[in-house]
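# Results of the structural survey
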Amino acid sequence: MRIIKKIVRILFFHLRIWKYKTLSDCERIVGVPKLYMPLLLSGKGKISFGDNVQIGVTAAHYTYSSYNYILAFGENSEVSVGNNVVMANGASIQSASKIEIGDNVMIGINCFLVDTDGHDLDPQKRMTGIPKSSQITIKKNVVIFYNSVVLKGVTIGENSVIGSCSVVTKDIPPNVFAAGNPARVIRNL
């Protein structure tokens with residue numbers, strides 16, 4: 001049984017992690033996260049990791065089938081991940097300007113943080129226009145539960161919790177539980 005577990009670990013963890021490291025094209029990376037599943041780092045911007053950053057959770061969904069993705073699109077784009085952060089399976093972060101994640105943050109399965117509209121909203125400029133972008137700030141001790149989306153210009157205050165399947169379109173104050181689409185404060189913590 002041990003040999004089978006070793007073979008599975010090599011095939012489904014180590015080789016996949018190596019594959020996505022090989023596919024990553026971001027050259028401005030600071031820090032080294034602990035990889036428990038593949039991580040694709042892309043873009044011309046800067047991606048920095050603090051101490052004890054964990055990418056992936058082996059005892060969670062999509063362990064064998066997904067990967068995490070961080071994009072710092074342009075040369076001035078930046079993704080900054082603090083200390084003791086956990087980014088669960090299938091989570092994606094895409095920055096055109098800046099996304100800052102504080103210490104002790106937990107980002108759940110399939111969460112998506114994006115600081116831009118992706119395309120201009122004007123139909124005449126959708127293919128050629130420059131989309132709007134605004135910094136996302138996730139303060140320390142925040143938990144964002146699975147399948148949630150955090151959109152451009154949002155700040156989530158310290159110690160707050162975002163419920164599953166939420167879409168965060170506006171700032172969330174510190175020490176609250178917020179959920180829904182769009183996310184709203186449900187109660188104080």
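For the structure itself, look to the data block above.
What counts and what doesn't
Residues numbered from 1 in each chain as written. Predicted model: local features only at pLDDT ≥ 70, side-chain atom pairs only at ≥ 80, totals over all residues. Heavy atoms only, no water. Disulfide = S-S within 2.5 Å. Buried < 20%, exposed > 50% of the residue type's maximum accessible area, 1.4 Å probe, protein only. Core = buried A, V, L, I, M, F, W, Y, C linked by side-chain atoms within 4.5 Å. Helix = DSSP H or I, 4+ residues; strand = E, 2+ residues; numbered from the N terminus. Contact = heavy atoms within 4.5 Å. Polar contact = N/O pair within 3.5 Å; in protein donor to acceptor, adjacent residues only side chain to side chain. Salt bridge = Lys/Arg side-chain N within 4 Å of Asp/Glu carboxyl O. Pairing = 2+ DSSP bridges. Patch = residues over 30% accessible without salt bridge, like charges linked within 9 Å, V, L, I, M, F, W, Y side chains within 5 Å. Areas by Shrake-Rupley, 256 points an atom, 1.4 Å probe, with all protein chains shown as cover.

### Some remarks on the state of the cysteines
Disulfides are covalent bonds that connect the sulfur atoms of two cysteines. Summed over all chains, the structure comprises zero disulfides. The closest cysteine sulfur to the non-disulfide-bonded Cys 165 is located on Cys 111, 9.0 Å from its own sulfur. On the basis of relative accessibility, which here comes to 46%, the residue Cys 165 falls in the partly exposed class.

### Things to note about the nonpolar core
Core analysis: the biggest nonpolar cluster contains 34 residues, and Ile 70, Ile 101, Leu 113, Ile 138, Val 150 and Ile 156 have the highest contact counts within it. Elements with a minimum of two residues in this core: strand S3 (39-42), strand S4 (46-49), strand S6 (68-72), strand S7 (78-81), strand S10 (98-101), strand S13 (136-138) and strand S19 (176-179). With residues up to four places along the chain from it excluded, the contact list for Ile 156 reads Thr 137, Ile 138, Lys 139, Val 142, Ile 144, Val 150, Ile 162, Val 168 and Ile 172.

### Here we look at the side chain of Ser 42
By secondary structure assignment, the location of Ser 42 is in strand S3. In this structure the side chain of Ser 42 is engaged in a polar contact, spanning 3.0 Å, whose partner is the side chain of Asp 25. Non-local contacts of Ser 42, meaning those with residues more than four positions away in its chain, are made with Asp 25, Cys 26, Ile 47, Tyr 69, Ile 70, Leu 71 and Ala 72.

### Regarding the pattern of salt bridges
Under the definition given, this model contains two salt bridges. For the salt bridge of Lys 152 with Asp 117, the shortest nitrogen-to-oxygen distance reads 2.6 Å. Residue Lys 152 is found in the loop between strand S15 (149-150) and strand S16 (155-156), and its partner Asp 117 is found in the loop between strand S12 (112-114) and S13; the two are separated by 35 residues along the sequence. Note on Lys 152: relative accessible area 28%, which makes it partly exposed. The exposure class of Asp 117 is partly exposed, given its relative accessible area of 31%.

### Some remarks on the sheet that holds strand S11 (residues 106-107)
Ordered by their spatial adjacency, eight strands build an open sheet running S2-S5-S8-S11-S14-S17-S19-S20, and the pairing between neighbours is mixed. Both edges of this open sheet fall to strand S2 (34-35) and strand S20 (184-188), since each of them pairs with a single strand only. Where strand S8 (residues 86-87) and S11 come together, two bridges link them in parallel fashion. Its bridge partner lying in S11, Val 86 is registered against Met 106.

### Points about the sheet that holds S3
Backbone-to-backbone hydrogen bonds pair the strands of a sheet. The strands run either parallel or antiparallel. Here six strands make up an open sheet; going across it, the order is S3-S6-S9-S12-S15-S18 and the pairing parallel. The sheet is open, and its two borders are formed by S3 and strand S18 (167-168), each paired with just one other strand.

### A few points about a nonpolar patch on the surface
Where nonpolar side chains cluster on the molecular surface, the patch consists of Ile 3, Ile 7, Ile 10, Leu 11, Phe 12 and Leu 15 and spans about 560 Å² of accessible area. With respect to the helices and strands, Phe 12 occurs in helix H1 (residues 2-23). A relative accessible area of 36% means that Phe 12 is categorised as partly exposed.

### Remarks on unusual backbone geometry
Look at the link from Asn 181 to Pro 182: it is a cis peptide, with omega at 0 degrees. By secondary structure assignment, the location of Pro 182 is in the loop between S19 and S20. For Asn 84, which is not glycine, the phi dihedral falls at a positive 55 degrees. Topologically, Asn 84 is positioned in the loop between S7 and S8. One non-glycine residue, Asn 159, lies in the positive phi region at around 65 degrees. Along the chain, the position of Asn 159 falls in the loop between S16 and strand S17 (161-162).

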